[in-house]
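Analysis of the macromolecular model
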Amino acid sequence: MKWEQLLSLRRFGDTSKRLRKEQDETRLGFEVDYDRVIFSAAFRSLQDKTQVIPLSKTDFVHTRLTHSLEVSVVGRSLGRIAGKKVLEKHPYLSEIHGYRFNDFGAIVAAAALAHDIGNPPFGHSGEKAIGEYFKNGNGHRFKEQLSDKEYQDILEFEGNANGYKLLTESRKGVEGGLRLSYATLGAFMKYPKESLPKKPTKHIADKKFGVFQTDVDSFKQVAAELGLLSTSQSGDIGYCRHPLTYLVEAADDICYTIIDFEDGINLGLIPEDFALEYLIKLVKDSINVKKYNELVYMEDRMSYLRALAINTLISDAIATFIANEDAILKGEFSVSLLEKSKFKAQIQDILSISKDKVYQSQEVIEKEIAGYKIISDILEVYTTALMRQKENKRSNYDALILSTLPELYRDTEGSIYNILLNACCYVASLSDSAAVHIHNKIMGKQL
């Protein structure tokens, strides 16, 4: 893969090339991507979607929104530092094409800002709850009416694929969705493949999938423009990652490693002294012991260690990225950047504690259980009403239910797959509180 292709400024609908040297430096195309994401309705809904603790009443616990903003900040730093080193190694990118190190930062920041935009309510359990409805719930009745890939799309509903759909899907009067640059879309595509075959290799890019069947054509167009290498062996859709995807992933990994751990401390799920000891192990080479000992309040000690830890992992991730740039461009780097970190043992210790004390805490488990029931019930009511509408068997109740759906999701003229996927995407668009509210209404629990 070639950087001059990977950094494409092209957008959906463009009929000619967008050259970097012709860009307005006061409003660079890659920076426009960031603005378009942050002003989108889908991004705003993240303010009430679970990061770790569903429906938390505590102000300082992170939501998907605050998490995404923090990931974008870390991503910008990663992109800028990496960009500077890439331009030093490949000066023609600057001298001939006009690229600057800030371009890399802007691309990674925009992709990182959008990285969770397609996630459903109630965290990752929301994805599993949608799939569970079609695997073991009443949704299983549709299996024989779908192709294998169509069924797999909803059986293992994937927030990354839904995110790509939200960013790129055309609607009446809105062609190409948010019309982001192809470079940003490429960096966003964490798993650049369709849902089948499932995990064809052990490469990190094959771990999940990143595109629904409805979006394969635009997906291929973006990949072709960027020059992503095809990994397909049998005609299925699959590509090597865009190199900057590794930096987007690293930003996410760094943030949830450190900040989910911090949330556990703030909630009292992880004892402060015990937790800070693990963070100190991570930053022992850079900590100013005198300064640290002068900090009186836990919040200040935590803030200091968090900043050091994030900076330490940024430097480490950049070193790994640059050392493996050639392999990454060839599609041969098969793990995440943090997997090769010299701090891997410390990272694993922190993640292990977070899993035990936070992710599997009683509060999280109880709300995830409720989330499964809420999502299943909403899907049952809406898919039943939509299918009856398609079959001209709509009841008065079905008509009332469909009137509560946004018009975007009401169409029953398309295939059964499109109708079911739209129902899933509607549920995924809901915030945690909105899902609870709608469930209470349709179940008759609240007037």
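Here, every reference points to the structure presented above.
Residues numbered from 1 in each chain as written. Predicted model: local features only at pLDDT ≥ 70, side-chain atom pairs only at ≥ 80, totals over all residues. Heavy atoms only, no water.

1. A word on the overall build of the chain
In terms of regular secondary structure, the chain is built from 21 helices and 0 strands. Here the chain has a C-alpha radius of gyration of 22 Å; the compact-globule value for 447 residues is 22 Å, and the two agree. Viewed in the frame of its principal axes, the chain has a C-alpha envelope of about 70 × 55 × 40 Å. In the chain, which comprises 447 residues, the share counted as buried stands at 54%. By sequence separation, contacts in the chain at least 24 residues apart represent 72% of the contacts at least 6 residues apart. Split by element, the accessible area of the chain, about 20,100 Å² in all, is 50% carbon and sulfur. (Helix = DSSP H or I, 4+ residues; strand = E, 2+ residues; numbered from the N terminus. Rg over C-alpha atoms; globule rule 2.2 N^0.38 Å. Buried < 20%, exposed > 50% of the residue type's maximum accessible area, 1.4 Å probe, protein only. Contact = heavy atoms within 4.5 Å. Areas by Shrake-Rupley, 256 points an atom, 1.4 Å probe, with all protein chains shown as cover.)

2. So, the environment of isoleucine 401
Tracing the backbone through its elements, the reader meets isoleucine 401 in helix α19 (residues 396-403). A relative accessible area of 6% means that isoleucine 401 is categorised as buried. Linking isoleucine 401 and asparagine 440, residues 39 residues apart in sequence, is a C-alpha distance of 13 Å. With residues near it in sequence (within four places) discarded, isoleucine 401 still touches Val381, Tyr382, Ala385 and Ile442.

3. A few points about the layout of surface pockets
Put simply, the second largest pocket is a space of about 910 Å³. Contributing to the lining of the second largest pocket are 30 residues, with Glu169, Ser170, Arg171, Leu408 and Tyr409 lying nearest its centre. Per-element tally for the lining of the second largest pocket: the top contributor is helix α20 (residues 416-429), with 7 residues. Partitioned by chemical class, the residues of the lining of the second largest pocket number 13 nonpolar, 10 polar and 7 charged. (1 Å grid on protein atoms, 1.4 Å probe; cavity = no way out; pocket = protein on both sides within 12 Å on 5 of 7 lines; lining within 4 Å. Points joined across faces, edges and corners; volume = space filled by probe spheres on them. Nonpolar A, V, L, I, M, F, W, Y, C, P; charged D, E, K, R; others polar.)

4. Overview of the packing of aromatic side chains
Within the structure shown, the criterion is met by 11 aromatic pairs. Ring geometry for tyrosine 382 and tyrosine 426: centres 5.4 Å apart, planes at 75 degrees, overall edge-to-face. Highlighted residues: tyrosine 382 in helix α18 (residues 362-390) and tyrosine 426 in helix α20, separated in sequence by 44 residues. The rings of Phe157, Phe209 and Phe212 are connected pair by pair, giving a single aromatic cluster. For the cation-ring pair, arginine 76 lies above tyrosine 34, with the distance from its terminal atom to the ring centre recorded as 5.3 Å. (Phe/Tyr/Trp six-rings, centres within 6.5 Å; stacked < 30°, edge-to-face > 60°. Lys NZ or Arg CZ within 6 Å of the ring centre and 35° of its normal.)

5. A closer look at the pattern of salt bridges
This structure, assessed with the given rule, holds 25 salt bridges. Connected through salt bridges with shared partners, the residues Arg10, Lys17 and Glu225 form a single ionic network. (Salt bridge = Lys/Arg side-chain N within 4 Å of Asp/Glu carboxyl O.)

6. Notes on the environment of glutamate 380
For glutamate 380, the position within the fold is in helix α18. What makes glutamate 380 partly exposed here is its relative accessible area of 23%. The sequence separation of glutamate 380 and phenylalanine 142 amounts to 238 residues, and the corresponding C-alpha distance is 12 Å. Other than its neighbours up to four places away in sequence, glutamate 380 contacts Tyr133, Asn138 and Arg141. Looking at glutamate 380, its side chain comes within polar contact range of the side chain of asparagine 138, at 3.3 Å. (Polar contact = N/O pair within 3.5 Å; in protein donor to acceptor, adjacent residues only side chain to side chain.)

7. Details of the packing of helix α13 (residues 272-283) against helix α17 (residues 344-359)
It is the contact of α13 with α17, at a shortest axis distance of 9 Å, that shows an interaxial angle of 160 degrees. In this view, α13 runs roughly antiparallel relative to α17, as classed from their interaxial angle. The hand of the α13/α17 crossing is left-handed. For the pair α13 and α17, the contacting residues are Phe274, Tyr278, Leu279, Lys281 and Leu282 in the first and Gln346, Asp349, Ile350 and Ile353 in the second. The residue makeup of the contact of α13 with α17, split by class, is 6 nonpolar, 1 polar and 2 charged. (Axes fitted to C-alpha atoms, helices over the stretch in contact; angles between N-to-C directions. Parallel < 35°, antiparallel > 145°, perpendicular 65-115°, else oblique. Left-handed = near helix turned anticlockwise from the far one by under 90°.)

Shape descriptors only; they carry no functional weight alone.
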